[in-house]
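Residues per chain are reported as follows:
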Amino acid sequence: MATSRKEIAKHKRVVIKIGSALLVDRKDGLKAEWLTSLCEDIARLREQNIDVLVVSSGAIAMGRSVLSITEKRLKLEESQACAAIGQIALARAWSEKLSTHDIVAGQLLLTLYDTEERRRYLNARATTTELLNMNCVPIINENDTVATSEIRYGDNDRLAARVATMIGADLLILLSDVDGLYTASPSEDRNADFLDTIDAITPEIEAMAGDTGSELSRGGMRTKIDAAKIATNAGCAMIIASGQRQNPITAIDNGARSSWFSPAGTPRAARATWIAGQLEPAGAITIDDGAVDALKRGRSLLPAGIKSVSGTFGRGDNVSVIDMNGNEIARGLAAYDAVEAKEIAGFKTTQIEDKLGYSGRSAMIHRDDLVMMQAKENKAG
């Protein structure tokens, strides 16, 4: 059976998700020695020119530890207050541990809406991309200080999968207190078989997932399978592995037991399919011949090449890109709404601030948000 399993170091952009119980002990607080070893792993990946992002659970548990709240079941507002305290402590810990390897950490706090609503999605992705461009390691967590039961992810497995797809990662690693996927719960069935590689998430695979988690973790195997569906459908491979050892990432490459989920294609191909075929254009932008040539060379669409704008699209909406003959040559996600696009059409990037009154993004459609289409004669105009 063909698989895409390969060494972690063979990937280009890796998201590492860490369960609360691995990072924080409710009574004793931060597991500093373990975090030190993980940061060593991250530094090794970075030395191989691999982008690394971390989705870190543990803010609420850390806040409870700081406040010495060990037994009490927390109300929502109490959890949010503990998260506010814990996030500061965790951010400081990450910054200090990574700085010993001359790595700068940046913190992002996200909610469900930040990866589901397109305008917020673009903002979150732009910020994360810029952190990576600055050679930083983004440390991401669900914003437990404001998220409610109605809008929260409920676990960081699915948040990690959303982050991986948002940023175009080709590998997602879920570190928790389990070492992979079994045909049944090994604690209940000694004859349960371990699954080394999963090429497709079938109904049988989903049926193997349980719903239980540890005391400090909201996510069980069910959420990990849900995360795998999100990630692999976007062309991102995924690993479930135990983090209950020092240097857990190095351990995986050295052969430690783990379950690998094969991706469906590549992140770029999956994103292109989404933009080109699954989003209905909300408007159209007609561009000149020079801009057409630039797009064919893999460049972004700049305002200077825009001849006209139609439709009532908002920032983040999908729009058609039309050449001067009325042919649709591309589709992409607009960095400006229709009103703003009309204001800056035909002007240089350096003139955007003068036209809009603020310094916006340099491209009307960034090349990462644009897909070239096969032209259809006079389909649009």
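Residues numbered from 1 in each chain as written. Predicted model: local features only at pLDDT ≥ 70, side-chain atom pairs only at ≥ 80, totals over all residues. Heavy atoms only, no water.

Draft legend 1. Expanded view of the overall build of the protein. Along its length, the protein carries 14 helices and 17 strands. Among the 381 residues that make up the protein, the fraction classed as buried is 51%. For the protein, contacts bridging at least 24 residues in sequence account for 73% of all contacts bridging at least 6. Accessible area for the protein stands at about 17800 Å²; split by element, carbon and sulfur atoms hold 46% of it. (Helix = DSSP H or I, 4+ residues; strand = E, 2+ residues; numbered from the N terminus. Buried < 20%, exposed > 50% of the residue type's maximum accessible area, 1.4 Å probe, protein only. Contact = heavy atoms within 4.5 Å. Areas by Shrake-Rupley, 256 points an atom, 1.4 Å probe, with all protein chains shown as cover.)

Draft legend 2. Expanded view of helix α7 (residues 156–167). Given a rise of 1.5 Å per residue, 12 residues ought to cover 16 Å, and the 16 Å separating the end C-alpha atoms of α7 matches this to within 8%. Counting buried residues in α7 gives 9 out of 12 residues, a clear majority hidden from the surface. The complete set of buried residues in α7 reads N156, D157, L159, A160, A161, V163, A164, M166 and I167. In the segment just after α7, G168 is the residue with positive phi, at about 70°. (Expected span 1.5 Å × (residues − 1).)

Draft legend 3. Structural view of unusual backbone geometry. Of note, the phi angle at S68 is positive, near 60°, even though the residue is not glycine. For S68, the location among the structural elements is in the loop between α3 (59–66) and α4 (76–99). Phi at N135 takes a positive value of approximately 65°, unusual for a residue other than glycine. Along the chain, N135 turns up in the loop between α6 (118–133) and β6 (137–142).

Draft legend 4. Region of interest: the sheet that holds strand β17 (residues 370–372). With mixed pairing, 5 strands are arranged side by side in an open sheet as β14-β13-β15-β16-β17. Either end of the sheet is taken by a strand with one partner, and the two such strands are β14 (306–311) and β17. Across the sheet, the mean angle from the axis of one strand to that of its neighbour is 20°, orientation sign disregarded. As defined by bridge partners, strand β13 (residues 283–287) adjoins β14 across 5 bridges and the pair is classed as antiparallel. For I285, the partnering residue across the bridge sits in β14 and is V309. Packing of helix α12 (residues 289–296) onto the sheet brings it into contact with β13, β15 (318–322), β16 (328–333) and β17, and relative to β13 it is tilted by some 105°. (Pairing = 2+ DSSP bridges. Axes fitted to C-alpha atoms, helices over the stretch in contact; angles between N-to-C directions.)

Draft legend 5. Region of interest: the pairing of strand β4 (residues 51–56). With respect to burial, β4 is a largely interior element, 5 of its 6 residues being buried. Pairing geometry for strand β1 (residues 13–18) and β4, over 6 bridges, is parallel. When the bridges of β4 are listed, I18 appears paired with S56. Where β4 lies against β6, 2 bridges are found, and the strand directions are parallel. What sits directly across from V54, in β6, is I139.

Draft legend 6. Layout of the confidence of the model for the protein. Mean pLDDT over the protein works out to 86, with 89% of the residues at or above the 70 mark. pLDDT under 50 marks residues 150–154. Its contacts with residues more than four places away, or in other chains, come to 16 contacts. Of the regions scoring below 50 in pLDDT, residues 211–219 engages in 23 contacts with residues more than four places distant in sequence or in other chains. (pLDDT = per-residue confidence, 0-100.)

Draft legend 7. Up close: the pattern of salt bridges. Inspection of every chain in the model, using the stated rule, returns 9 salt bridges. Salt-bridge contacts for D41 lead to R44; the nearest nitrogen and oxygen are separated by 2.9 Å. Within this pair, D41 and its partner R44 are both found in helix α2 (residues 32–47), separated by 3 residues, close to a single helical turn. In this structure, R331 and E328 form a salt bridge, with 2.7 Å as the shortest nitrogen-oxygen distance. Since its relative accessible area comes to 14%, R331 is described here as buried. Connected through shared salt-bridge partners, K17, D157 and K224 make up one network. (Salt bridge = Lys/Arg side-chain N within 4 Å of Asp/Glu carboxyl O.)

Draft legend 8. Structural detail: the sheet that holds strand β7 (residues 171–176). Taken together, 8 strands build an open sheet; the order of strands is β5-β6-β4-β1-β7-β11-β12-β10 and the sheet is mixed. The sheet is open, and its two borders are formed by β5 (105–110) and β10 (197–198), each paired with just one other strand. On top of the sheet, helix α9 (residues 221–233) reaches β7, β11 (237–242) and β12 (258–261); it is set at about 155° to β11, its chief contact.

Draft legend 9. Region of the structure containing α4. When the terminal C-alpha atoms of α4 are compared, their 34 Å separation across 24 residues agrees well with the 34 Å that a helix rising 1.5 Å per residue should span. What α4 keeps buried is the set S79, Q80, C82, A83, G86, Q87, A89, L90, A93, W94 and L98.

Draft legend 10. Region of interest: the packing of α7 against α9. Two elements in contact, α7 and α9, have axes whose closest approach is 8 Å; the angle formed by their N-to-C orientations is 10°. As summarised for this structure, α7 and α9 are arranged roughly parallel, according to the angle between their axes. Contact residues: α7 offers D157, R158, A161, R162 and T165, while α9 offers T223, K224, D226, A227, I230 and A231. Split into classes, the residues belonging to the contact of α7 with α9 amount to 4 nonpolar, 2 polar and 5 charged. (Parallel < 35°, antiparallel > 145°, perpendicular 65-115°, else oblique. Nonpolar A, V, L, I, M, F, W, Y, C, P; charged D, E, K, R; others polar.)

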